[in-house]
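# An overview of the molecular structure
The lines below spell out each chain.
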Amino acid sequence: MDNISWQDIRKVILDFLQQRLANNSSYKSETAKLEKAKEAGDQVAVNEAQQKLAELAKRFDFETWMEDAAIRRISWLLIATHLSKGIHPSSKACNANYNTQVKPDTLGNFVSSSTVNVLPFDATGSAASLDIFGLLNQTVKNDITILQLIINNHPAVQEALSDDKNKSALYLENFQQLLRDNWSDAQASELNKQFFWPNSEETYLSQQEHNYRLLIPLHPSALCHLVYKKVQTRFSEENKNARELRRKKDVEHQPYFSFHELAVVRLGGSNAQNASQLIGSQMGRNFLLPSIPPKFKNSPFPMVGKQQETIFNHTLQYFCRFGFKLLFDMVESPKNIVEERDDRKDAFAVILSLLLKFARHIQTTQPAGWSRDYSLYFHEKLWLDPQRAQLENEEDFKKQYEQGDWQQSLEKSFAKWVQNTLKEKFKNIKQQFADPEFSEWRREFSAAVKASQRKREGIF
């Protein structure tokens, strides 16, 4: 930035004015008339066209245009990042320039205007003054604009604005004034939304007046423009090529952008430029990203709460309900030694199969060491969190896991769970579920453990 001279800035301004003259519709029309008059040999028409072209060229003369822009038309222009007209194109309320505000030290987890390192400026006002903003956005060197030079108080700017030092100082002051928020005469509009925000939780009970803050949301056109440009990258050639490569084999695939479920809201009415230049450049279109709650897929497996002491509870019983229904039916059916034995084995086969699936799910989906923060019995932690034994500072856990005594404790927990379930279901015959049955249920669990180990399922 230090190597930029006033001559560099002046040249950019002159080139801009020359381009504006060449693109002027009246200038193009008179140029065409002049060519036709020359071809027809009509000297009167030639003189008339040349006179009108000279008048138009004078309007774009450097000193003339700069004085008109920086003295008269600049009052029609506002530069900001948050606009009232984005809420309603007829709003006359104040705007805000976030680039001139003190940025927060911590951003937290929220996306806002402070998330962006460089926030673009936007301009609103009369269409006859937006060319001033166009000039300020002209690049001088290394993507540095005249507007950035003014913000940084570059010493070469003032001299470039006019050959008259008094005028150039006035012009620079007026351009700098464009960037300042003038809250001394803050103004709202009936077309803007307004919120009364309490200063404390007790405000609604307070008899004190003025215990609220009045919030008036403004449209963050600068931030929305960055989002708009980001979304539009989906139509770039690079993105298109990357999307096409995904269907081809034996080629290196490249990442690409894809935005789903976009909505579009149009701002500014029939002429979006009435709202602001950035909104006009987007033809009024602003993209809305989906902000709906995520759809969670319910897990078929029970959840393990941090405060529960055992997994063998009513929740697990419901998960194994089909096996328990077979067991209940077996208890209620007329006694037959052969059928009773077969029904019992079928019931326990279902219960134990679901139980082992649940254990496997916990072992494979939870990170190693997850059981540290849980209140489960230690033998259940050893079973459900086996990878914890591989972590640092878990030597005692590893030692007890390798000893294998926890499997006997699991047998007892399982047998007690089944026993309590049956006693609760059949209160009138609960005395029948005694030690012999308890031992039988332990044997069923032990047999399931051995079968799983033979299959090398890794559950035990």
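Going by the structure above, here's the rest.
Everything in this summary refers to the structure shown in the same document. (Residues numbered from 1 in each chain as written. Predicted model: local features only at pLDDT ≥ 70, side-chain atom pairs only at ≥ 80, totals over all residues. Heavy atoms only, no water.)

## A word on the overall build of the protein chain
The number of helices and strands found in the protein chain is 18 helices and eight strands. What you see for the protein chain is a C-alpha radius of gyration of 39 Å, clearly larger than the 23 Å of a compact globule of 460 residues, by over 25%. Taken along the three principal axes of its C-alpha coordinates, the protein chain extends 125 × 75 × 45 Å. Each of the 460 residues in the protein chain was classed as buried or not, and the buried ones make up 37%. Pairs at least 24 apart in sequence give 63% of the contacts found in the protein chain among residues at least 6 apart. When the accessible area of the protein chain is evaluated, it comes to approximately 29100 Å², of which 51% is carbon and sulfur surface. Counting 60 positive and 57 negative side-chain charges, the protein chain places the centres of these two groups 5 Å from one another. (Helix = DSSP H or I, 4+ residues; strand = E, 2+ residues; numbered from the N terminus. Rg over C-alpha atoms; globule rule 2.2 N^0.38 Å. Buried < 20%, exposed > 50% of the residue type's maximum accessible area, 1.4 Å probe, protein only. Contact = heavy atoms within 4.5 Å. Areas by Shrake-Rupley, 256 points an atom, 1.4 Å probe, with all protein chains shown as cover. Lys, Arg positive; Asp, Glu negative; His and termini not counted. Charge placed at Lys NZ, Arg CZ, Asp CG, Glu CD.)

## Quick look at the environment of S162
As for its position among the elements, S162 is in the loop between α7 (155-161) and α8 (165-178). Residue S162 is classed as buried on the basis of its relative accessible area of 3%. Between the C-alpha atom of S162 and that of F319, which follows or precedes it by 157 residues, the distance is 83 Å. Excluding its chain neighbours within four sequence positions, the residues that come into contact with S162 are R10, F62, E63, K167, S168 and Y171. Engagement of the side chain of S162 in a polar contact is seen with the backbone nitrogen of D164, the distance being 3.1 Å. (Polar contact = N/O pair within 3.5 Å; in protein donor to acceptor, adjacent residues only side chain to side chain.)

## Quick notes on helix α4 (residues 62-72)
Among the residues of α4, those classed as buried are F62, W65, M66, A69 and A70. Projected down its long axis, α4 shows its buried positions confined to an angular sector of 105°, all on one face. (Arc of directions from axis to C-beta.)

## Some thoughts on the packing of helix α2 (residues 25-40) against helix α3 (residues 43-59)
In helix packing, the relevant descriptors are the interaxial angle and the interaxial distance, both defined with respect to the helix axes. Viewed as axis vectors pointing N to C, α2 and α3 meet at an angle of 155°, and their least axial separation amounts to 9 Å. Comparing their axes, α3 and α2 come out roughly antiparallel. The two elements α2 and α3 cross, and the hand of that crossing is left-handed. Along the contact surface, α2 presents S26, Y27, E30, T31, L34, A37 and K38, while α3 presents A45, V46, A49, Q50, K52, L53 and L56. Looking at the contact of α2 with α3, its residues break down into eight nonpolar, three polar and three charged. (Axes fitted to C-alpha atoms, helices over the stretch in contact; angles between N-to-C directions. Parallel < 35°, antiparallel > 145°, perpendicular 65-115°, else oblique. Left-handed = near helix turned anticlockwise from the far one by under 90°. Nonpolar A, V, L, I, M, F, W, Y, C, P; charged D, E, K, R; others polar.)

## Some points on the side chain of S413
If you trace the backbone, S413 turns up in helix α17 (residues 406-425). Given a relative accessible area of 16%, S413 falls into the buried group. When near neighbours in sequence (up to four residues on either side) are disregarded, S413 contacts F312, H379 and E380.

## Some words on the packing of aromatic side chains
Throughout the structure, instances matching the rule amount to 19 aromatic pairs. Here F257 and F259 contribute two aromatic rings whose centre-to-centre distance is 6.3 Å and whose plane-to-plane angle is 10°, an arrangement assigned as stacked. Both rings, one in F433 and one in W441, keep their centres 6.5 Å apart while their planes meet at 35°; by these two values the pair is tilted. Pair check on accessibility: F433 and W441 agree, each one buried. Taken together, the ring pairs in this structure connect F312, F324, F328, F348, W383, F414, W417, F426, F433, W441 and F445 into an aromatic cluster. Here R321 stacks its cationic end above the ring of Y318, 4.1 Å away from the centre of that ring. (Phe/Tyr/Trp six-rings, centres within 6.5 Å; stacked < 30°, edge-to-face > 60°. Lys NZ or Arg CZ within 6 Å of the ring centre and 35° of its normal.)

## Describing the packing of α17 against helix α18 (residues 435-454)
At their nearest, the axes of α17 and α18 sit 8 Å apart, and the two run at 130° to each other. On the basis of their axis angle, the class for α17 and α18 is oblique. For the pair α17 and α18, the sense of crossing is right-handed. Here Q407, Q408, L410, E411, K412, F414, A415, K416, V418, Q419 and L422 of α17 lie close against α18, whose contacting residues are F438, W441, R442, F445, S446, V449 and Q453.

## With respect to the nonpolar core
Nonpolar side chains tend to gather and get buried jointly when the protein is soluble and globular. In this structure, I311, W383 and F414 are the most contacted members of the largest nonpolar core, which totals 46 residues. Taken together, the elements giving at least two residues each to this core come down to α12 (314-319), α13 (321-332), α14 (337-365), α15 (378-384), α17 and α18. Sort the elements by how many residues they give to this core and α14 lands first, with 10 residues. I311 has contacts with V304, L316, L355, F358, L376, E380, W383 and L384, leaving out every residue within four places of it along the chain. Within the second largest apolar cluster, 39 residues are counted, among which are W65, V140, L161 and L178. (Core = buried A, V, L, I, M, F, W, Y, C linked by side-chain atoms within 4.5 Å.)

## Notes on the pattern of salt bridges
Side-chain pairs of opposite charge can arise where the charged atoms are in close proximity. According to the stated counting rule, one finds 16 salt bridges in the structure shown. Where E30 meets K33, a salt bridge forms, and the shortest distance between an N and an O atom there is 3.6 Å. Highlighted residues: E30 and K33, both in helix α2, separated by three residues, approximately one helical turn. Since its relative accessible area comes to 10%, E30 is described here as buried. A salt bridge links E411 to R442; its shortest N-O distance comes to 3.1 Å. Here E411, found in helix α17, pairs with R442, found in helix α18; they are 31 residues apart in sequence, far enough to count as distant. When salt bridges that share partners are traced, they join R20, D68, R72, R73 and D131 into one network. (Salt bridge = Lys/Arg side-chain N within 4 Å of Asp/Glu carboxyl O.)

## Looking at the environment of S276
In this fold, S276 is placed in the loop between β7 (263-266) and α11 (277-281). Along the primary structure S276 and A434 are separated by 158 residues, whereas in three dimensions their C-alpha atoms are 83 Å apart. Once you skip the residues sitting within four places of it in the chain, S276 turns out to touch L83, D122, A123 and T124. Among the polar contacts listed, one links the side chain of S276 to the backbone nitrogen of I279, at a separation of 3.1 Å.

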